[in-house]
Amino acid sequence: MTTSLADDRESPEIGRAMHGFITDLYPICRSITGEGVRETLRKIGARIPLEIVEVPTGTAVFDWSIPKEWNIRDAYIKNGRGERIVDFRNSNLHVLNYSVPVHRKVSRAELSEHVFTLPDRPEWIPYRTSYYKENWGFCISHRLWEGMDEAEYEVCIDSSLAAGFLTYGECFLRGETDEEVLLSCHICHPSLCNDNLSGVALATFLAEALGRIRTRYSYRFLFIPGTIGAIAWLHRNEAGVGRIRHGLVIACVGVPGPFTYKKSRRGNSGIDAAVVHVLGHSGREHQIRDFTPYGYDERQYCSPGFNLPVGALSRTPHGEYPEYHTSEDNLDLVRPAALAESLRIAQSVIEVLEKNRRYRNLNPKCEPRLGARGLYSSIGGRADIKTMEFALLWVLNYSDGRHTLLDIAERSGYPFGRISEAAELLAGHGLLEECCLEKEVTST
Ligand code: ZN
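1. Examining the environment of R84
- With respect to the helices and strands, R84 occurs in strand β5 (residues 84-87).
- For R84 and W136, which are 52 residues apart along the polypeptide, the C-alpha to C-alpha distance reads 18 Å.
- With residues up to four places along the chain from it excluded, the contact list for R84 reads D74, A75, Y76, I77, K78 and R89.
- One polar contact links R84 to D87, side chain to side chain, over a distance of 2.9 Å.

In structure tokens form, the structure reads like this:
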């Protein structure tokens, strides 16, 4: 089986390409519904096979209902001289996302009820939404608002909120088994980069890379509006979620901060072990957190009625960097090197999932003679011959049909790749046989 993603890892271009893709998606005014989502999905679909799903307004999805579809063409605030002092064409963050249409003159006092600023960051534009309460509003820099001293302004939001659809995209890559790995990211934010065009780029590039190789698992990538998209997907796909063996929600992976992994609600899923292992051997600063019922769409995947083995991979998490949900989460904040590094970590996790197995030692009574079986000549000449020898002994000893290779890697302290290589070598010399897919272990 070909599972190596090494070619992609080594490419120095990959981070710049990911950043270029983010640059392409950045200007689009996205929301949880509407043309911005469709345009974004078209651009993703130009790179990977993507099925577009449209769920009609009013469709009941568990305790929720698909909202009206929102679209926007233009918005501004004009001063007494008819000048646009706030212009949607300069930044789509200027409009309270999901604003209902408005076009009239308002007093400054009334406008103040509809203006959002960040007094602590007077030059920045905040990002605000009002999906489920009909309202209109403008998000502007505090500096600008302080200078707006006219008694009356003309406000215009040329938007529509009407029956339509919620749109999401799904990329399915069939592997050798029906067992699935779910990778999910949200696509509902307008011009914001780390949260979460970084996740969109990572998922897209990962799907591209996986599409080029044979895999044991099937891979399902979801590009969905946050919360309501995950709820809608789970509602429509409830019958198939039992095939999901591992899953990751990907968000905020474009800044150089430490990696943060939030475990699945189960806390001991295969994905939890795989990510903890990869980060532990990455040489990168990182932190592991237990599940909490807030955050991104892991909240839905890990709701008690599903309790799927889905964790969340980020760098500095949402809400913990100052630029979060502001105009400063822009193309300068996300860095090509950080994007490439995040992709590399995700690929390493997938390599562990793909290659993790249980073996049985076919010569379990006392140690086999490795030299006589040609094992030493197989590893002879390597600089790491001693550690490779130890890895062989670890795999032989713990391949009792119960321990997975990841268990053995954790117990030995060696990186998974070395243990996996040792197992392949031993299997190739007739000393190990594969027991079964790793699922039978993790499901107990
Ligand atoms: Zn967000």
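2. Description of the state of the cysteines
- In the structure shown here, the tally under the stated rule is zero disulfides.
- Free of any disulfide, C139 has its nearest neighbouring cysteine sulfur in C29, separated by 11 Å.

3. Examining the pattern of salt bridges
- Counted according to the given criterion, the structure contains 31 salt bridges.
- Of the charged contacts, one joins R315 and E341 as a salt bridge, the two residues approaching to 2.7 Å between their closest N and O atoms. With R315 in the loop between β16 (310-314) and α10 (336-355) and E341 in helix α10, this residue pair connects regions lying 26 residues apart in the sequence.
- According to the relative accessible area criterion, R315 is buried, its value standing at 2%.
- Across the salt bridge formed by E389 and K386, the nearest N and O atoms sit 3.6 Å from each other. With a gap of three residues between them, E389 and K386 both fall in helix α12 (residues 385-398), about one helical turn apart.

4. Notes on the coordination of the zinc ion
- At this site the zinc ion is bound by H189 (NE2), D195 (OD) and H325 (NE2), with donor distances of 2.0 to 2.1 Å.
- Positions of the donor residues of the zinc ion, expressed as sequence spacing, correspond to H-x5-D-x129-H. Linking H189 in the loop between β11 (180-186) and α6 (193-210) with H325 in the loop between β16 and α10, this pair joins segments that are 136 residues apart in sequence. Here the two residues H189 and H325 agree in accessibility, since each one is buried.

5. Let's talk about the sheet that holds strand β13 (residues 244-250)
- Read across the open sheet, the eight strands follow the order β1-β10-β12-β11-β13-β16-β14-β15; overall the sheet is mixed. At either end of the open sheet lies a strand with only one pairing partner, and these are β1 (51-56) and β15 (286-289). In this sheet, adjacent strand axes meet at a mean angle of 20° when their direction is disregarded.
- Sheet analysis places strand β10 (residues 165-173) next to strand β12 (residues 218-224), joined by five bridges and oriented antiparallel. Each bridged residue has a counterpart across the sheet, and for E170 the counterpart in β12 is L222.

6. Details of the nonpolar core
- Grouped together as the largest cluster of nonpolar side chains are 74 residues, with contacts concentrated most on L183, L206, Y219, F221, F223 and L426.
- Take this core: its biggest share by element is 10 residues, from α6.
- Residue assignment places this core across two domains, with domain 1 (6-66 + 165-355) and domain 3 (358-435) each supplying three or more.
- Not counting chain neighbours up to four residues away, the residues in contact with L206 comprise L183, F221, L343, A346, Q347 and I350.

7. Description of the packing of aromatic side chains
- This structure, assessed with the given rule, holds nine aromatic pairs.
- Seen from their ring centres, W64 and Y132 are 5.6 Å apart, and the 75° between their planes marks the pair as edge-to-face. Note that W64 is positioned in strand β3 (residues 64-65) and Y132 in the loop between β7 (115-116) and β8 (138-139), a separation of 68 residues in sequence.
- In this structure Y132 comes out as partly exposed when scored by relative accessible area, which is 48%.
- Ring centres 6.1 Å apart and planes at 80° place the aromatic pair Y131 and Y132 in the edge-to-face group.
- Grouped by ring-pair contacts, the aromatic residues W64, W70, Y98, Y131 and Y132 constitute a single cluster.
- Above the plane of the ring of F21 lies R47, whose end atom (NZ or CZ) is 5.1 Å from the centre.

8. A look at the sheet that holds β5
- Strand order across the open sheet formed by four strands is β5-β4-β9-β6, with antiparallel pairing between neighbours. Each end of this open sheet is capped by a strand with a single partner; those strands are β5 and β6 (102-107). The average undirected angle you get between the axes of adjacent strands in this sheet is 20°.
- In terms of strand pairing, β6 meets strand β9 (residues 152-162) through six bridges, oriented antiparallel. Considered in β9, the bridge of V106 is made with Y153.

About the criteria used
- Residues numbered from 1 in each chain as written.
- Predicted model: local features only at pLDDT ≥ 70, side-chain atom pairs only at ≥ 80, totals over all residues.
- Heavy atoms only, no water.
- Helix = DSSP H or I, 4+ residues; strand = E, 2+ residues; numbered from the N terminus.
- Contact = heavy atoms within 4.5 Å.
- Polar contact = N/O pair within 3.5 Å; in protein donor to acceptor, adjacent residues only side chain to side chain.
- Disulfide = S-S within 2.5 Å.
- Salt bridge = Lys/Arg side-chain N within 4 Å of Asp/Glu carboxyl O.
- Buried < 20%, exposed > 50% of the residue type's maximum accessible area, 1.4 Å probe, protein only.
- Donors = N, O, S within 2.8 Å, 3.2 Å for Na, K, Ca; no water.
- Pairing = 2+ DSSP bridges.
- Axes fitted to C-alpha atoms, helices over the stretch in contact; angles between N-to-C directions.
- Core = buried A, V, L, I, M, F, W, Y, C linked by side-chain atoms within 4.5 Å.
- Domains from an automatic or database assignment.
- Phe/Tyr/Trp six-rings, centres within 6.5 Å; stacked < 30°, edge-to-face > 60°.
- Lys NZ or Arg CZ within 6 Å of the ring centre and 35° of its normal.

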